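# A closer look at the structure
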Amino acid sequence: DSGVTQTPKHLITATGQRVTLRCSPRSGDLSVYWYQQSLDQGLQFLIQYYNGEERAKGNILERFSAQQFPDLHSELNLSSLELGDSALYFCASSVGGRIFSGNTIYFGEGSWLTVV
Amino acid sequence: EDKVVQSPLSLVVHEGDTVTLNCSYEVTNFRSLLWYKQEKKAPTFLFMLTSSGIEKKSGRLSSILDKKELFSILNITATQTGDSAIYLCAGEYGNKLVFGAGTILRVKS
(Lines give C-alpha, C1' and ligand atoms only; values in the text may rest on other atoms or scores of the structure.)
Protein backbone atom coordinates (compact mmCIF):
# COMPACT_ATOMS: atom_id res chain seq x y z
CA ASP A 1 0.00 0.00 0.00
CA SER A 2 1.60 3.23 -1.19
CA GLY A 3 -0.55 5.48 0.96
CA VAL A 4 -2.07 7.22 -2.06
CA THR A 5 -5.83 6.74 -2.15
CA GLN A 6 -7.93 6.98 -5.27
CA THR A 7 -11.68 6.79 -5.69
CA PRO A 8 -13.63 5.38 -7.36
CA LYS A 9 -11.75 2.20 -8.27
CA HIS A 10 -13.96 1.48 -11.25
CA LEU A 11 -16.58 3.44 -13.12
CA ILE A 12 -18.51 2.97 -16.29
CA THR A 13 -20.13 5.90 -17.97
CA ALA A 14 -21.60 6.87 -21.31
CA THR A 15 -20.06 9.05 -23.99
CA GLY A 16 -20.66 12.73 -23.50
CA GLN A 17 -20.81 12.45 -19.73
CA ARG A 18 -18.57 13.99 -17.11
CA VAL A 19 -16.78 12.25 -14.25
CA THR A 20 -14.62 13.28 -11.34
CA LEU A 21 -11.76 11.19 -10.04
CA ARG A 22 -10.50 11.85 -6.57
CA CYS A 23 -7.05 11.42 -5.05
CA SER A 24 -5.71 11.75 -1.52
CA PRO A 25 -1.92 11.92 -1.44
CA ARG A 26 0.30 10.27 1.13
CA SER A 27 0.40 12.05 4.43
CA GLY A 28 2.90 14.89 4.18
CA ASP A 29 3.15 14.88 0.40
CA LEU A 30 2.56 18.23 -1.24
CA SER A 31 2.70 17.19 -4.89
CA VAL A 32 0.03 15.32 -6.76
CA TYR A 33 0.50 13.97 -10.27
CA TRP A 34 -2.09 12.55 -12.64
CA TYR A 35 -1.25 9.90 -15.22
CA GLN A 36 -3.32 8.12 -17.83
CA GLN A 37 -2.52 4.56 -18.82
CA SER A 38 -4.14 3.03 -21.86
CA LEU A 39 -3.23 -0.06 -23.82
CA ASP A 40 -2.05 1.79 -26.88
CA GLN A 41 -0.39 4.78 -25.24
CA GLY A 42 1.31 3.46 -22.14
CA LEU A 43 1.63 5.68 -19.09
CA GLN A 44 1.18 9.33 -19.99
CA PHE A 45 1.75 12.28 -17.70
CA LEU A 46 -1.22 14.63 -17.51
CA ILE A 47 -0.60 17.27 -14.89
CA GLN A 48 1.08 18.03 -11.57
CA TYR A 49 0.01 20.20 -8.67
CA TYR A 50 2.23 21.31 -5.84
CA ASN A 51 0.69 22.75 -2.71
CA GLY A 52 -2.40 23.88 -4.54
CA GLU A 53 -0.71 25.36 -7.58
CA GLU A 54 -0.30 23.86 -11.02
CA ARG A 55 3.38 22.97 -11.40
CA ALA A 56 3.70 21.05 -14.68
CA LYS A 57 1.48 20.11 -17.54
CA GLY A 58 1.71 17.17 -19.89
CA ASN A 59 -0.58 15.76 -22.52
CA ILE A 60 -3.80 16.79 -20.86
CA LEU A 61 -6.77 17.40 -23.13
CA GLU A 62 -8.76 20.61 -22.89
CA ARG A 63 -11.80 18.54 -21.90
CA PHE A 64 -9.89 17.50 -18.78
CA SER A 65 -9.13 19.69 -15.81
CA ALA A 66 -7.70 19.17 -12.37
CA GLN A 67 -7.28 21.02 -9.13
CA GLN A 68 -5.67 20.55 -5.76
CA PHE A 69 -7.53 21.70 -2.71
CA PRO A 70 -6.22 23.29 0.50
CA ASP A 71 -6.29 19.89 2.23
CA LEU A 72 -4.04 18.70 -0.64
CA HIS A 73 -6.45 16.19 -2.12
CA SER A 74 -6.87 16.50 -5.84
CA GLU A 75 -9.62 15.94 -8.35
CA LEU A 76 -9.37 15.20 -12.04
CA ASN A 77 -12.45 16.20 -14.01
CA LEU A 78 -13.07 14.54 -17.35
CA SER A 79 -15.87 15.96 -19.48
CA SER A 80 -17.51 15.27 -22.84
CA LEU A 81 -16.18 11.77 -22.52
CA GLU A 82 -15.27 9.79 -25.59
CA LEU A 83 -14.67 6.08 -26.05
CA GLY A 84 -10.96 6.76 -26.34
CA ASP A 85 -10.87 8.17 -22.82
CA SER A 86 -11.31 4.67 -21.44
CA ALA A 87 -8.16 4.06 -19.45
CA LEU A 88 -6.64 3.59 -16.04
CA TYR A 89 -6.06 6.94 -14.39
CA PHE A 90 -3.34 7.02 -11.77
CA CYS A 91 -2.67 9.58 -9.15
CA ALA A 92 0.78 9.78 -7.61
CA SER A 93 2.25 11.93 -4.88
CA SER A 94 5.61 13.08 -3.65
CA VAL A 95 6.93 15.20 -0.84
CA GLY A 96 8.53 17.92 -2.89
CA GLY A 97 7.79 19.64 -6.12
CA ARG A 98 10.61 18.11 -8.09
CA ILE A 99 11.28 14.46 -8.77
CA PHE A 100 15.03 14.89 -8.86
CA SER A 101 17.06 14.74 -5.65
CA GLY A 102 15.53 11.49 -4.57
CA ASN A 103 12.03 12.79 -4.30
CA THR A 104 10.32 9.60 -5.35
CA ILE A 105 6.74 9.56 -6.50
CA TYR A 106 4.37 6.90 -5.24
CA PHE A 107 1.36 5.73 -7.23
CA GLY A 108 -2.16 5.02 -6.10
CA GLU A 109 -4.01 1.95 -7.32
CA GLY A 110 -5.75 3.80 -10.10
CA SER A 111 -9.29 4.45 -11.23
CA TRP A 112 -10.52 2.32 -14.11
CA LEU A 113 -12.71 4.39 -16.41
CA THR A 114 -14.74 2.68 -19.08
CA VAL A 115 -16.67 4.88 -21.49
CA VAL A 116 -19.44 3.07 -23.37
CA GLU B 1 10.54 14.64 -28.74
CA ASP B 2 11.35 13.01 -25.42
CA LYS B 3 11.24 9.28 -25.77
CA VAL B 4 11.92 6.19 -23.70
CA VAL B 5 12.15 2.82 -25.43
CA GLN B 6 12.19 -0.47 -23.60
CA SER B 7 13.15 -3.87 -24.87
CA PRO B 8 12.18 -6.57 -25.12
CA LEU B 9 8.44 -5.91 -25.12
CA SER B 10 7.87 -9.20 -23.37
CA LEU B 11 9.73 -12.30 -22.35
CA VAL B 12 9.01 -15.61 -20.72
CA VAL B 13 11.62 -17.32 -18.58
CA HIS B 14 11.81 -20.18 -16.13
CA GLU B 15 12.29 -19.79 -12.44
CA GLY B 16 15.94 -19.41 -11.58
CA ASP B 17 16.86 -17.72 -14.85
CA THR B 18 18.55 -14.32 -14.96
CA VAL B 19 16.97 -11.61 -17.07
CA THR B 20 18.16 -8.27 -18.34
CA LEU B 21 15.69 -5.58 -19.28
CA ASN B 22 16.79 -2.66 -21.41
CA CYS B 23 15.79 0.96 -21.43
CA SER B 24 17.11 3.62 -23.78
CA TYR B 25 16.11 7.22 -23.54
CA GLU B 26 16.19 10.53 -25.31
CA VAL B 27 15.04 13.01 -22.75
CA THR B 28 15.79 16.71 -22.93
CA ASN B 29 17.51 18.04 -19.81
CA PHE B 30 17.65 14.54 -18.41
CA ARG B 31 17.87 14.36 -14.63
CA SER B 32 17.25 10.79 -13.59
CA LEU B 33 15.97 7.45 -14.71
CA LEU B 34 13.48 5.48 -12.68
CA TRP B 35 12.40 1.85 -12.73
CA TYR B 36 8.98 0.71 -11.59
CA LYS B 37 7.35 -2.69 -11.25
CA GLN B 38 3.67 -2.88 -12.13
CA GLU B 39 1.73 -5.95 -11.15
CA LYS B 40 -2.03 -5.77 -11.20
CA LYS B 41 -2.41 -2.20 -10.18
CA ALA B 42 -0.11 0.63 -9.13
CA PRO B 43 3.47 0.88 -10.34
CA THR B 44 5.78 0.43 -7.39
CA PHE B 45 9.09 2.19 -7.23
CA LEU B 46 12.26 0.13 -7.66
CA PHE B 47 15.20 2.39 -8.39
CA MET B 48 16.16 5.93 -9.20
CA LEU B 49 19.45 6.37 -11.05
CA THR B 50 21.11 9.72 -11.44
CA SER B 51 24.81 8.96 -11.76
CA SER B 52 26.40 7.04 -14.55
CA GLY B 53 28.11 3.76 -13.80
CA ILE B 54 26.89 3.35 -10.24
CA GLU B 55 24.95 0.17 -9.69
CA LYS B 56 21.94 0.18 -7.45
CA LYS B 57 20.98 -3.11 -5.84
CA SER B 58 18.00 -4.39 -3.96
CA GLY B 59 18.06 -8.10 -3.28
CA ARG B 60 18.02 -9.94 -6.57
CA LEU B 61 17.40 -6.76 -8.56
CA SER B 62 20.06 -4.39 -9.72
CA SER B 63 20.23 -1.54 -12.17
CA ILE B 64 22.84 0.65 -13.76
CA LEU B 65 22.77 3.77 -15.87
CA ASP B 66 25.03 4.78 -18.73
CA LYS B 67 24.55 8.49 -19.34
CA LYS B 68 26.96 8.58 -22.23
CA GLU B 69 25.14 5.91 -24.20
CA LEU B 70 21.72 6.96 -22.84
CA PHE B 71 20.55 3.62 -21.55
CA SER B 72 19.89 1.67 -18.42
CA ILE B 73 19.51 -2.00 -17.65
CA LEU B 74 17.58 -3.79 -14.96
CA ASN B 75 18.88 -7.21 -13.97
CA ILE B 76 16.92 -9.79 -12.07
CA THR B 77 18.80 -12.86 -10.93
CA ALA B 78 17.33 -16.18 -9.77
CA THR B 79 13.90 -15.13 -11.01
CA GLN B 80 10.79 -16.24 -9.14
CA THR B 81 7.17 -16.41 -10.23
CA GLY B 82 6.53 -13.36 -8.08
CA ASP B 83 8.75 -11.35 -10.40
CA SER B 84 6.12 -11.67 -13.12
CA ALA B 85 5.01 -8.13 -13.85
CA ILE B 86 5.37 -5.23 -16.22
CA TYR B 87 8.61 -3.37 -15.67
CA LEU B 88 8.50 0.30 -16.55
CA CYS B 89 11.35 2.69 -16.92
CA ALA B 90 10.92 6.44 -17.02
CA GLY B 91 13.17 9.35 -17.84
CA GLU B 92 12.73 12.37 -15.65
CA TYR B 93 13.03 15.95 -16.82
CA GLY B 94 11.74 18.82 -14.80
CA ASN B 95 8.76 17.41 -12.99
CA LYS B 96 7.67 15.07 -15.73
CA LEU B 97 8.29 11.39 -16.09
CA VAL B 98 8.33 10.05 -19.63
CA PHE B 99 7.55 6.36 -19.44
CA GLY B 100 8.48 3.61 -21.81
CA ALA B 101 5.86 1.11 -22.93
CA GLY B 102 7.17 -1.45 -20.47
CA THR B 103 8.53 -4.98 -20.61
CA ILE B 104 6.13 -7.76 -19.71
CA LEU B 105 8.01 -10.43 -17.80
CA ARG B 106 6.47 -13.80 -17.13
CA VAL B 107 8.33 -16.28 -14.96
CA LYS B 108 7.17 -19.87 -15.30
CA SER B 109 7.57 -22.38 -12.49
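What you see is a predicted model, and the numbers here were worked out from it, not measured in a lab. (Residues numbered from 1 in each chain as written. Chains lettered and ligands numbered in written order. Predicted model: local features only at pLDDT ≥ 70, side-chain atom pairs only at ≥ 80, totals over all residues. Heavy atoms only, no water.)

### Brief notes about the side chain of S74(A)
Residues and elements named next belong to chain A. Within the secondary structure, S74 is located in strand β8 (residues 74-78). Residue S74 is classed as buried on the basis of its relative accessible area, which comes to 0%. Separated by 2.9 Å, the side chains of S74 and W34 make a polar contact. What S74 contacts, discounting residues up to four positions off in sequence, is L21, R22, C23, V32, W34, Q67 and Q68. (Helix = DSSP H or I, 4+ residues; strand = E, 2+ residues; numbered from the N terminus. Buried < 20%, exposed > 50% of the residue type's maximum accessible area, 1.4 Å probe, protein only. Polar contact = N/O pair within 3.5 Å; in protein donor to acceptor, adjacent residues only side chain to side chain. Contact = heavy atoms within 4.5 Å.)

### Considering the sheet that holds strand β7 (residues 64-68) of chain A
Residues and elements named next belong to chain A. The strand order across the open sheet built from four strands is β1-β3-β8-β7, with neighbouring strands paired in antiparallel fashion. At either margin of the open sheet sits one strand with a lone partner, and together these are β1 (5-7) and β7. On average, adjacent strands in this sheet sit at an angle of 15° to one another, irrespective of strand direction. In the sheet, β7 pairs with β8 via five bridges, with the strands oriented antiparallel. Pairing of A66 across the sheet is with L76, part of β8. (Pairing = 2+ DSSP bridges. Axes fitted to C-alpha atoms, helices over the stretch in contact; angles between N-to-C directions.)

### Overview of the nonpolar core
V4(B), Y25(B), L33(B), W35(B), Y87(B) and L105(B) are the most contacted members of the largest nonpolar core, which totals 24 residues. When contributions to this core are tallied by element, the ones reaching two or more residues are β2 (10-14), β3 (19-26), β4 (32-38), β5 (43-49), β7 (61-66), β8 (71-76), β9 (85-93) and β11 (103-108) of chain B. The residues contacting V4(B), other than those within four sequence positions of it, are C23(B), S24(B), Y25(B), V27(B), C89(B), G91(B), V98(B), F99(B) and G100(B). Among the nonpolar cores identified, the runner-up in size contains 21 residues, and V4(A), V32(A), L78(A) and L113(A) belong to it. (Core = buried A, V, L, I, M, F, W, Y, C linked by side-chain atoms within 4.5 Å.)

### Section: the sheet that holds strand β6 (residues 56-58) of chain B
Two strands in a sheet stick together by hydrogen bonds in their backbones, pointing the same way (parallel) or opposite ways (antiparallel). Residue and element names in this part refer to chain B. With respect to topology, five strands assemble into an open sheet ordered β1-β3-β8-β7-β6, the strand pairing being antiparallel. The open sheet has two edge strands with one neighbour each: β1 (3-7) and β6. Across this sheet, the average inter-strand angle for adjacent strands is 15°, counted without regard to direction. Direction of pairing for β1 relative to β3: antiparallel, over a ladder of five bridges. Looking across to β3, one finds that S7 is bridged to N22.

### So, the pairing of β4(B)
Residue and element names in this part refer to chain B. Most of β4 sits out of view: seven of its seven residues are buried. Pairing analysis gives six bridges linking β4 to β5, with the strands arranged antiparallel. Within β5, the position partnered with W35 by the bridge is F47. Hairpin connection from β4 to β5: four residues lie between these consecutive antiparallel strands.

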